[in-house]
Each structure stands twice: as C-alpha cells, then as structure tokens.
Amino acid sequence: MIKFIKFLIAGVVFGIIMTKSEAISWFRIQEMFRFESFHMYGIIGVAVGLGALLTFILKKVDAKTMYGTELNLTPKAMSVTRYLVGGTIFGLGWAMTGACPGPLFTLLGHGIWSIAIVIASATFGTFVYGMLRSKLPH
Amino acid sequence: MIEFLSQPWHWSIAGAAIALLMVLLLWFGGKFGVSSNLRTFCTLAGAGKVSDFFKWDWKAQIWNLVFITGAVIGGFIASHYLVSSEPLNISESTVSYLSSVGITTPQDFSNGGGFVPAEIFSDPFSLKGLIILIIGGFFIGFGTRYAGGCTSGHAISGLSNLQLPSLIAVVGFFIGGLAMTWLILPSILKL
C-alpha cells in the first residue's frame, strides 16, 4: 500500500502541473497546431531538453531505482509503419479533443464530465486495436 | 504559497517540472507513460477473454492506475484551490479564427472551466460534440496503442531517451494533428 502512495502524490503533482501550465487546454492545442503561440513548444522543448540531459546522466552514472533495480529505460523496437501510422491516428484525435491521455484524467478532476465520453471511447479504441492487432502492419 | 502557485506558470517552469517528474517516476520504479492505462482498463473489463493482447501482466501496472487517479485529484485541487485570476492568454489570431468557426474563447474562469470550449464540452450530445468526443476519443485510444505510446511515453520519455521510434511517432502526432486542425476540424466545428 505504502509503495502506491508515492505514485498517487506524483499523479497529483502531474495534474497540477498540467493545469497550471495550461497544457490541458483545448485552446492551447489549437494554438499549437496553428503555430500561433510558442507556449506548448516551450513546454515540450524544455521537458525534452532537460529530460534528455537527466536521462543521459542517469545512464552515465548507472543510476538504479529506489529498490536497487534497473531503471525502466528499455529501448523501443525499431519500425516505421506502426509509429508513423499509429502516431498519425493519435494526432487526429489529439487535435479534435484537445487532450492527450494524461490531460483526459486531469480534466475529469476539473469536473468536465463530458471528458468521460472521450475516456470511454479511447478505451474502446484500444480494445479495437487489440482485436485487429494481428491484421495490422507493424 | 497558494497565491504563488495559483498564477499561470511560465512554460519553462512547466517543462522543467515535467522532466523532473519523469525522473521521479523512473526512480520510483515506474515510467512516464499514461496511455497504457487504457489497455489495463480493457483487461479489467474482461477483454483478455477475446484477445491475447489483453492477457498481460497488468498487475505490474497498478502503480500507473494510481498515478492517473492522482492526476484526477490534482485536476480537482488545481481547479478548486489554485485558480488563476487571469484567463488563459490565448493568442489573438487563434481567438479570432475560432470565433469565425463558432467557438468562443473564455475570458475568465468564472464557470470553473475556461480550458475547454463550451460549444463542444457543455453540449456533448450535439452533432459536433458527439463527433469530436467519440471519434476523437477512438483515435486517441486506437492510435496510442498502435504507436505504442502517447505524448508522455513517446514525446517526453522516448525523445529524452533519444529513441528514433519515438521521433517517428511524434512526426506522426503532428501529421495527424495538422491535418485535423487545418483540413478537417474547421468543417466539424461549423456543424
């Protein structure tokens, strides 16, 4: 039980960051895809820049988790089709709903109940992917 | 402190906070990637009976369900106790474009929202509401699993780990996002 509390707190912090950075805003996502503001590019750019530096250092010093196990940095299997096609399909949905999976849950906490429709539909989308998986090019 | 946190955060602060959170999750023995929770939802609903894709070690992912539960609570806290006095500072050109397709950009937080357009989210059973929420949601769930991750897993975690597959996925995110924003969404919004 105790081991889950830290993830709960991390999630709360994530929800606050997503809200205060306005990354959960449908309007911010429209603005980003219309190239009319630097805001979202700034957030993602700093997150990736600092994230890459920190990940590099973690690997360099062979950092471990708090339990002494290997960090979860498994390389992703190389392919083009699944990432490009899957990514494009996700991008269509991201621009429509103005939310990626993380913000979906934070918006629910804002009391925007209609976002539950998106969560349900996204779960169904994942289910359909699971059913069609063997027939899709990867 | 509350007052300090309540002002809108600069993008550089938010970006740095996300990178630190990603490292924290790695140290905790998890990783930053939200969309795999949707696969867990399917497994919990019994999808393992019809597809082997949903027969997996979901119990090792319970921490991630706890994390998104926290994300809901964080949204509640931020929307109740850390509300900014200023509206979202959306660029003038976006505001005027949206108004031309019938979407009003909120100028204050008085109705508790201000993050999503009322025309879609307060009227989810309108034609455009249904199309956007249901089809958009489907694309999110199908696309993220096909691509093996979303913004957190590919754009933040994957790019930070210099993964070429993640870069390809992010290129895809933008191909889809730009096509939707420029070519398709304007027509849906005008419905």
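Rules used throughout
- Residues numbered from 1 in each chain as written.
- Chains lettered and ligands numbered in written order.
- Predicted model: local features only at pLDDT ≥ 70, side-chain atom pairs only at ≥ 80, totals over all residues.
- Helix = DSSP H or I, 4+ residues; strand = E, 2+ residues; numbered from the N terminus.
- Buried ≥ 20, exposed ≤ 12 C-beta atoms within 10 Å, placed from the backbone.
- Contact = placed C-beta atoms within 7 Å.
- Nonpolar A, V, L, I, M, F, W, Y, C, P; charged D, E, K, R; others polar.
- Axes fitted to C-alpha atoms, helices over the stretch in contact; angles between N-to-C directions.
- Parallel < 35°, antiparallel > 145°, perpendicular 65-115°, else oblique.
- Left-handed = near helix turned anticlockwise from the far one by under 90°.
- Core = buried A, V, L, I, M, F, W, Y, C linked by C-beta atoms within 7 Å.
- Expected span 1.5 Å × (residues − 1).
- pLDDT = per-residue confidence, 0-100.

Asker: Got a minute to help me understand the overall build of chain A in this structure?
Answerer: When helices and strands are counted, chain A shows six helices and zero strands. Along its sequence from the N terminus, chain A presents helices and strands in the succession α-α-α-α-α-α. Counting only C-alpha atoms and orienting by the principal axes, one finds that chain A spans roughly 40 × 40 × 40 Å. Residues classed as buried in chain A amount to 56% of the 138 residues present. In chain A, of all internal contacts separated by at least 6 residues, the share reaching a separation of at least 24 is 47%.

Asker: Hey, could you run me through the overall build of chain B in this one?
Answerer: Along chain B, the regular secondary structure elements total nine helices and zero strands. When its helices and strands are written in sequence order, chain B yields α-α-α-α-α-α-α-α-α. Long-range pairs, those at least 24 residues apart, make up 53% of the contacts in chain B with a sequence separation of at least 6.

Asker: Even after reading the chapter, I still don't get the interface of chain A and chain B, so can you show me in this structure?
Answerer: It is common to report an interface's size as the accessible area lost on association of the parts. Listed as interface residues are 98 residues of chain A and, on the opposing side, 109 residues of chain B. Here the side of chain A that touches chain B is built from residues that sort into 55 nonpolar, 34 polar and nine charged.

Asker: Looking at this structure, how should I read the packing of helix α6 (residues 115–132) of chain A against helix α7 (residues 127–147) of chain B?
Answerer: In a pair of packed helices, the angle between the axes and the distance between the axes together describe the arrangement. Where α6 of chain A meets α7 of chain B, the closest approach of the two axes is 6 Å, and the angle between their N-to-C directions is 45°. On the basis of their axis angle, the class for α6 of chain A and α7 of chain B is oblique. The way α6 of chain A lies across α7 of chain B gives a crossing that is right-handed. For the pair formed by α6 of chain A and α7 of chain B, the contact residues are Ile117, Val118, Ile119, Ser121, Ala122, Thr123, Phe124, Gly125, Thr126, Val128 and Tyr129 of chain A on the first element and Leu133, Ile134, Gly136, Gly137, Phe138, Phe139, Ile140, Gly141, Phe142, Arg145 and Tyr146 of chain B on the second.

Asker: Help me out: how do you make sense of the environment of Leu191 of chain B in this one?
Answerer: All names here are of chain B. Along the polypeptide, Leu191 turns up in the segment after α9 (164–189). The sequence separation of Leu191 and Val101 amounts to 90 residues, and the corresponding C-alpha distance is 9.1 Å. Residue contacts for Leu191: discarding those within four places in its chain leaves Leu127 and Lys128.

Asker: Would you explain the nonpolar core in this entry?
Answerer: Considering soluble globular proteins, one finds that nonpolar side chains tend to be buried as a cluster. Judged by nonpolar contacts, the single largest core of 93 residues is most densely connected at Ala47 and Leu107 of chain A together with Ile18 and Leu21 of chain B. Residues within four places of Leu21 of chain B in sequence aside, it is in contact with Ala10, Val13, Phe14 and Ile17 of chain A together with Phe32 of chain B.

Asker: Which parts of the structure should I look at to understand helix α3 (residues 39–60) of chain A?
Answerer: Since the α-helix turns once every 3.6 residues, residues separated by three or four places project in the same direction. Counted at 1.5 Å a residue, the expected span for α3 of chain A with its 22 residues is 32 Å, and the 32 Å between its end C-alpha atoms agrees. Within α3 of chain A, the full set of buried residues consists of His39, Met40, Ile43, Ile44, Val46, Ala47, Val48, Leu50, Gly51 and Thr55 of chain A. Elements that come into contact with the buried residues of α3 of chain A comprise α2 (26–33) of chain A together with α2 (11–27) and α8 (151–160) of chain B. One or two positions beyond α3 of chain A, positive phi appears at Asp62 of chain A, with a value near 55°.

Asker: Hey, could you run me through unusual backbone geometry in this one?
Answerer: Excluding glycine, residues mostly carry a negative phi; peptide bonds, for their part, are mostly trans. A positive phi is found at Asp62 of chain A, a non-glycine position, where the angle reads about 55°. Within the secondary structure layout, Asp62 of chain A lies in the loop between α3 and α4 (81–97). A positive phi angle, close to 50°, is found at Leu162 of chain B, a residue other than glycine. Within the secondary structure layout, Leu162 of chain B lies in the loop between α8 and α9. The class for Leu162 of chain B is exposed, based on 12 C-beta atoms found within 10 Å.

Asker: I'm lost on the confidence of the model for chain B in this one. Help?
Answerer: Residue and element names in this part refer to chain B. Averaged over every residue, the pLDDT of chain B is 94; residues scoring 70 or more account for 97%. Helix α1 (residues 2–6) is the least confidently modelled element of chain B, averaging 86 in pLDDT, while α9 averages 98, the highest of any element. As scored by the predictor, the complex reaches a pTM of 0.96 and an ipTM of 0.96.

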